Amino acid sequence: MKTDNRFLTDVVAVIQDIQPIAAHNKKEGEKTHVPFTITNGKTYINVTFFNELAQFFLKAREKILDEPIVIVIASAKVTEWKKALHLTNFPATRFYLNPKHHAVKLLRHRLEEPNFYVMDIEDDYVEQCQILKVADIKKLTDEFIEKKVACQLTV
């Protein structure tokens, strides 16, 4: 998805670490951006909104009183910058802060759990994992699949 503009993604996450707006000059004039981080409790990803969407985001953020803020980003562009995945805005991108939506309600419910920000896989458990090839994974039974599984993929 990071190399193909035909694919945009939707995400629901908790906003963390909003940076101040940054301005820089380009040939076309002054451009702005706002970087921030989002999380679903297990994964963190950097987001950068540019220009008008960045300014609109900061204004909308000022109006929100309920913490933590859950954001729904619709049609975000997946990019890679400095060897890390990022989400940025595209012309179709929209965002919604603390909307009344079932996915937001589920995330808020998960936020109440004490282990929301804790990975539930211990390092010594990962070291004990069995290494399987794709063909072996396809042969697994339902009994094995219903257990908690940690996966690491090497390409």
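Residues numbered from 1 in each chain as written. Predicted model: local features only at pLDDT ≥ 70, side-chain atom pairs only at ≥ 80, totals over all residues. Heavy atoms only, no water.

By the naming in an unreviewed UniProt entry, the protein goes by Nucleic acid-binding protein and is assigned to Heracleum sosnowskyi.

So, about the overall build of the protein. Looking only at helices and strands, one finds 5 helices and 7 strands in the protein. Helices (α) and strands (β) of the protein occur, in sequence order from the N terminus, as β-β-β-β-α-β-β-β-α-α-α-α. Counting the 155 residues in the protein, one finds 28% classified as buried. With the model as given, the accessible surface of the protein reaches about 11800 Å², and the carbon-plus-sulfur share is 55%. (Helix = DSSP H or I, 4+ residues; strand = E, 2+ residues; numbered from the N terminus. Buried < 20%, exposed > 50% of the residue type's maximum accessible area, 1.4 Å probe, protein only. Areas by Shrake-Rupley, 256 points an atom, 1.4 Å probe, with all protein chains shown as cover.)

The subject of this paragraph is the packing of aromatic side chains. Inspection of every chain in the model, using the stated rule, returns 6 aromatic pairs. Seen in terms of ring centroids, phenylalanine 57 and phenylalanine 95 are 5.5 Å apart; in terms of plane orientation they differ by 75°. Their pairing is edge-to-face. Placement of the pair is phenylalanine 57 in helix α1 (residues 51–63) and phenylalanine 95 in strand β7 (residues 94–97), with a sequence separation of 38 residues. Phenylalanine 95 sits in the buried class, given a relative accessible area of 8%. (Phe/Tyr/Trp six-rings, centres within 6.5 Å; stacked < 30°, edge-to-face > 60°.)

The next subject is α1. A rise of 1.5 Å per residue sets the reference length of α1, with its 13 residues, at 18 Å; its end C-alpha atoms lie 19 Å apart and thus fit the reference within 8%. When α1 is considered as a whole, its buried residues turn out to be Leu53, Ala54, Phe57 and Ala60. Down the axis, α1 shows its buried residues gathered within 130° of arc, on one side only. Projecting away from the buried face of α1 at angles above 90 degrees are the exposed residues Glu52, Phe56, Lys59, Glu62 and Lys63. Looking at the buried residues of α1, the elements they touch are β1 (9–16), β3 (29–39), β4 (44–50), β5 (70–81) and β7. (Expected span 1.5 Å × (residues − 1). Arc of directions from axis to C-beta. Contact = heavy atoms within 4.5 Å.)

With that out of the way, let us pick up the pairing of strand β6 (residues 84–88). Bridge count for β4 against β6 is 3 bridges, and the pairing is parallel. Looking at the pairing, asparagine 46 lines up with histidine 86 of β6. Where β5 meets β6, 5 bridges bridge the pair, whose relative direction is antiparallel. Counterpart to tryptophan 81 in the pairing with β6 is alanine 84. (Pairing = 2+ DSSP bridges.)

Among the secondary structure elements, asparagine 89 is positioned in the loop between β6 and β7. Here phenylalanine 50 takes part through its backbone nitrogen, which lies 2.6 Å from a polar atom of the side chain of asparagine 89. Residues contacting asparagine 89, with those up to four places away along its chain left out, are Thr48, Phe49, Phe50 and Leu53. (Polar contact = N/O pair within 3.5 Å; in protein donor to acceptor, adjacent residues only side chain to side chain.)

Turning to the confidence of the model for the protein, a few remarks are in order. Confidence in the prediction for the protein averages 83 pLDDT; 81% of positions are at 70 or higher. Element-level mean pLDDT values for the protein span from 52 in helix α3 (residues 123–127) up to 97 in β7. (pLDDT = per-residue confidence, 0-100.)

Next up on the list: unusual backbone geometry. That bond from glutamate 67 to proline 68 is cis: its omega, -10°, falls within 30 degrees of zero. Positionally, proline 68 belongs in the loop between α1 and β5. Positive phi outside glycine occurs at asparagine 51, with the angle close to 55°. Locating asparagine 51 in the fold gives a position in helix α1. The phi dihedral of serine 75 is positive, around 60°, even though this residue is not glycine. Relative to the helices and strands, serine 75 resides in strand β5. Serine 75 gets classed as partly exposed once you look at its relative accessible area, which sits at 22%.

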